[in-house]
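If you want the building blocks of each chain, they are given just below.
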Amino acid sequence: MRARFVDRLIFIRISVGSERFTVNISHGSFFGFSYGAWESEMALATTNGEGDIARQPQPKDIRAALGRVLDSAQFRSTKRLGKFLEYVVTESLAGRGDRLKGYTLGLEVFDRSEDFNPETDTIVRVQAGQMRRRLDLYYADEGCDDPVRISIPKGGYAAVFEDQSVSAQGTSAAADTPPPVAELSRGPSIAVLPFDNFSADPNDQFFADGLTEETIANLSRFKDLFVLSRFTSAKLARDGANIRRFHEETGVDFVLDGSVRKSTDKVRVTIQLLDAALDGHIHTEQIERQASTDGIFEIQDEIALLLAGRIANRHGPLGRYVARATRKGKPRWMETYYWITRFYQYYTSHDPELHLEVRDGLTAALKTDPDCSDAWAALSIILLDEDRFHINETPHSDARVNALAHAQQAVSCDPANAFAYHALAIAHYYSGHYAEFTAAAASALEFNSGNADILADIAHCYACQCNWERALPLIDKAIELSPAHPGWYHHVWFFHHLMNDNFESAATELKAGPLAGFPWHHAFLAGAYAMKGDQQLAEEERAKTLRANPKFAVYARKTLEKNCAAKLAEKAVFSLNKAGFDIE
């Protein structure tokens, strides 16, 4: 049955069948009921697009579900995200989901003033990403049996409600065996087993449980890594599953096994990283900290962040293991992930041939995988390096503009991706947009403060501005997170030593992180040698610089002045000229 009313173009469709009916009202209001609210009260069932009937949750059930979510571990400690979720659910229930825009949410939820601009102030997008992530974690663990699922699909802020309690045949929708996960991820997947408590006191199990949960949460911040939920890992562990069974039942690639030994004054955590398919050992790590009752949770957080950062970063054991697999020409994962892996190999060396290979590979991969945020971010940095390092410059193309556009696309594809904000931050920095750089850098660190490359690249930008208060703690943390790090990490402390006329330390810092064939590395080292009076070594490094790029002296001053604080640029040029570069 269909009916039309001319007042504000109301369209009603009523479908009847199998003792169920659905009422949909479009465009406008009807006797004082708004469209969304009336539909929610009246709709008992809809079809799922394949002819099967799927139940729709009632408003009272949605409100009860909201209460459970807000009282969960994921939302209990964050009042701002709780307020955000409650607001979008309430507005969506009232039929005003289409009015949930970034500007409105900034004013109503985040107390921004009327001149708020959601394009430059990204708080709504950032917090929406955090909210989606916490909802996913809630429904993967505490809320796995919740009859109503609340989600906020990407591309908008309206809430969607799904009845999970009954399938089309009225049977339980939850399955005892988790589905395979390997095909859901562009990259490798990992399961974290519950950490064993080897402490003398059984009551210290709380520390082991908390460390397990925090490690999973921190690993989940690495968007190219699929992390099995704690619920699934714990269930298989309780069932006595061995490593091979983990792989067979879930498709997971790696397993992290850990233990905790805690005494009154010391905590020792030991982990093993295993290849699940081969049941083979990859890496062992041990972290020890002094313990105190007052600071036990801070120690737990610190260790979990360090474990995740060292395991998941691309220069760590997992990254090196994956890189070896891709070098054999038989990547185990999708084409896009292969090129992202190759990008990180380039990011370690800044090799021009690899730069060209990765640029072409990522460009081709994005044609078939245009929603991959990491690929857009990686290509953004590749394009930026055409300008900031003069590598494979594309004629008649503005590399900075292109890099910024690609970084913005990365954020658009996944507004909760730290790597996307990393690319956006440095694209803004090298475009001279310093306020936007600061905002994007803050978002990157908020989404993943355990990613060493993000910390190091942001530190490099701050060092170029001689902002040592921000640069030095970031680079020290990056080196702690990634002991096997690229040589360019050392440029931050090099700049600091150069500005303080500590040329011996400046040279030592660069020698600690060699970058063979990278012109800037050899040039800076030549300058440091020259400033400390070792002209022979300076000449050797100058020759290496010009072999790598014969035009280095032509663009050196312009590049330094464009990217660095004036005092640092002048000091660097002075040292380069002392090494014999003859820069005008």
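Residues numbered from 1 in each chain as written. Predicted model: local features only at pLDDT ≥ 70, side-chain atom pairs only at ≥ 80, totals over all residues. Heavy atoms only, no water.

*Asks:* Which parts of the structure should I look at to understand empty space enclosed by the protein?
*Replies:* Regions of empty space are outlined by a rolling probe, equal in size to a water molecule, passed over the atoms. Counted by the stated rule, this structure contains four cavities of 30 Å³ or more. In this model, the largest cavity occupies a volume close to 250 Å³. Taken together, 18 residues make up the lining of the largest cavity; nearest its centre are Phe389, Tyr430, His460, Cys464 and Phe495. Residue assignment for the lining of the largest cavity shows that the elements contributing at least two residues are helix H18 (452–464), helix H20 (491–499), helix H22 (519–531) and helix H24 (552–563). Looking at the lining of the largest cavity residue by residue, the classes come out as 11 nonpolar, five polar and two charged. Estimates place the volume of the second largest cavity at around 140 Å³. Around the second largest cavity sit 16 residues that line it, and Phe222, Asp224, Tyr344, Phe419 and Asn451 are the ones nearest its centre. When contributions to the lining of the second largest cavity are tallied by element, the ones reaching two or more residues are helix H12 (335–349) and helix H16 (418–429). Among the residues forming the lining of the second largest cavity, the class breakdown is six nonpolar, four polar and six charged. (1 Å grid on protein atoms, 1.4 Å probe; cavity = no way out; pocket = protein on both sides within 12 Å on 5 of 7 lines; lining within 4 Å. Points joined across faces, edges and corners; volume = space filled by probe spheres on them. Helix = DSSP H or I, 4+ residues; strand = E, 2+ residues; numbered from the N terminus. Nonpolar A, V, L, I, M, F, W, Y, C, P; charged D, E, K, R; others polar.)

*Asks:* Is there a simple way to think about the pairing of strand S10 (residues 189–192) in this case?
*Replies:* For a regular strand, the rule is simple: side chains alternate between the two faces of the sheet. The side-chain alternation of S10 yields two buried faces, one formed by Ser189 and Ala191 and the other by Ile190 and Val192. Direction of pairing for S10 relative to strand S12 (residues 226–227): parallel, over a ladder of two bridges. Across the sheet, the residue bridging to Ile190 is Val227, located in S12. Bridging between S10 and strand S13 (residues 254–262) involves three bridges; their strand directions are parallel. Of the residues in S13, the one forming a bridge with Ala191 is Val255. (Buried < 20%, exposed > 50% of the residue type's maximum accessible area, 1.4 Å probe, protein only. Pairing = 2+ DSSP bridges.)

*Asks:* Could you clarify how one ought to interpret unusual backbone geometry in this entry?
*Replies:* For residues besides glycine, phi is generally negative; the peptide bonds are generally trans as well. In this structure, His350 takes a positive phi of about 55° despite not being glycine. Examined against the element boundaries, His350 turns out to sit in the loop between H12 and helix H13 (352–368). In this model, His390 sits at a positive phi of 55°, which is unusual for a non-glycine residue. Note on placement: His390 falls in the loop between helix H14 (373–388) and helix H15 (399–413). According to the relative accessible area criterion, His390 is buried, its value standing at 19%.

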